[in-house]
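# Chains, contacts and geometry: an overview
Residue-level listing of the chains:
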Amino acid sequence: MWNSKNLLLNREELTSLNQVWVGDITFIRVGKRWSYLSVVMDRYSREIIGWSFDKNRSAELVREALLMAVQSNPVEDGLIFHSDQGSEYASRVYMEALEDKGIQISMSRKGHCWDNAHMESFFQSLKTEMVYFNRFTTLEEATAYIMDYIRFYNHERLHSGIGYNSPSEYARMAA
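Below you will find a few notes about this structure. Nothing here was measured: the structure is a model prediction, and the numbers come from that model.

A tally of helices and strands in the chain yields 6 helices and 5 strands. The N-to-C order of helical and strand elements in the chain reads β-β-β-α-β-α-α-β-α-α-α. Relative to the compact-globule value of 16 Å for 175 residues, the chain shows a C-alpha radius of gyration of 16 Å, a close match. Dimensions of the chain, computed from C-alpha atoms along their principal axes, come out at roughly 40 × 40 × 30 Å. Counting all 175 residues of the chain, 49% fall into the buried class. Approximately 9,400 Å² of the chain is accessible, and the part contributed by carbon and sulfur atoms is 48%. Across the chain, the centroid of the 19 positively charged side chains sits 7 Å from that of the 23 negatively charged ones.

Right, let's get into the pattern of salt bridges. Going through the model one piece at a time under the given rule, you end up with 7 salt bridges. Linking E129 and R157 is a salt bridge whose minimum nitrogen-to-oxygen distance equals 2.7 Å. Here E129, found in helix α4 (residues 117-129), pairs with R157, found in the loop between α5 (139-155) and α6 (167-174); they are 28 residues apart in sequence, far enough to count as distant. By relative accessible area, which is 35% here, E129 ends up partly exposed. Through salt bridges with shared partners, one network takes in E60, R63 and E64.

Before going further, it helps to examine unusual backbone geometry. A positive phi angle, close to 70°, is found at R46, a residue other than glycine. Backbone geometry at Y164 places phi at a positive 60°, although glycine is not the residue there. With respect to the secondary-structure elements, Y164 resides in the loop between α5 and α6.

Looking now at the nonpolar core. Counting 29 residues, the largest nonpolar core has I28, L37, V39, F53, F122, L126 and I146 as the members making the most contacts within it. Sort the elements by how many residues they give to this core and α5 lands first, with 6 residues. Excluding anything up to four places from it in sequence, I146 contacts I28, L37, W51, F53 and M130. Ranked by size, the runner-up nonpolar core spans 21 residues in total, among them V40, I49, Y94 and M107.

Moving on: the sheet that holds strand β1 (residues 20-30). If you walk across this open sheet you meet the 5 strands as β3-β2-β1-β4-β5, and the pairing is mixed. Of all strands in the sheet, those with a lone pairing partner are β3 (48-54) and β5 (104-107), marking the two edges. Each strand axis lies, on average, 25° off the axis of its neighbour in the sheet, ignoring direction. Where β1 lies against strand β2 (residues 33-42), 10 bridges are found, and the strand directions are antiparallel. Paired with T26 across the strands is L37, a residue of β2. Across the face of the sheet, helix α1 (residues 59-72) comes into contact with β1, β2, β3 and β4 (80-83) while running at roughly 150° to β3. Those strands touched by α4 are β1, β2 and β3, and its axis lies near 30° from that of β1.

Right, let's get into the packing of α4 against α5. Contact geometry for α4 and α5: axes closest at 11 Å, N-to-C directions at 120°. The orientation of α4 with respect to α5, classified from their angle, is oblique. Crossing handedness for the pair α4 and α5: right-handed. Together, F122, S125, L126 and E129 of α4 and Y149, I150, F152 and Y153 of α5 make up the contact between the two elements.

About the cut-offs
Residues numbered from 1 in each chain as written. Predicted model: local features only at pLDDT ≥ 70, side-chain atom pairs only at ≥ 80, totals over all residues. Heavy atoms only, no water. Helix = DSSP H or I, 4+ residues; strand = E, 2+ residues; numbered from the N terminus. Rg over C-alpha atoms; globule rule 2.2 N^0.38 Å. Buried < 20%, exposed > 50% of the residue type's maximum accessible area, 1.4 Å probe, protein only. Areas by Shrake-Rupley, 256 points an atom, 1.4 Å probe, with all protein chains shown as cover. Lys, Arg positive; Asp, Glu negative; His and termini not counted. Charge placed at Lys NZ, Arg CZ, Asp CG, Glu CD. Salt bridge = Lys/Arg side-chain N within 4 Å of Asp/Glu carboxyl O. Core = buried A, V, L, I, M, F, W, Y, C linked by side-chain atoms within 4.5 Å. Contact = heavy atoms within 4.5 Å. Pairing = 2+ DSSP bridges. Axes fitted to C-alpha atoms, helices over the stretch in contact; angles between N-to-C directions. Parallel < 35°, antiparallel > 145°, perpendicular 65-115°, else oblique. Left-handed = near helix turned anticlockwise from the far one by under 90°.

In structure tokens form, the structure reads like this:
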């Protein structure tokens, strides 16, 4: 059985890639209804390493984002995946995917959104720099914009927290 302990509290500073991945879900209006974006970020580099976008908010949505991250990034011993305590992240299908890959489970404390501040910051940037300026009529259109924004975010957008580098540049320097 899973435990909702926050493994990031009082943790030493990160020193390399693939020590801590963080994830969360946000909503984006497509037509007259909400669609949902699940994202996985390497907390050290701030690089978006996995994502999934769909009309339905589900455990499968977060599992797909995780599988994209695992496909292109090594799962190091001791890797922690941190999220909130949402039902998708607490689901059996998601917990089994983490356990199958040997990834430790960490969850924010209830009512403490800043426990996952890096993801909250990414969603703030995504929405203020792209989402709020567009009206999406189809899932395919929104997906194309999201893909383009993630490419921009990873390869061009500079971050003060990582020495004014882009996440991909910072990840290259760390590798």
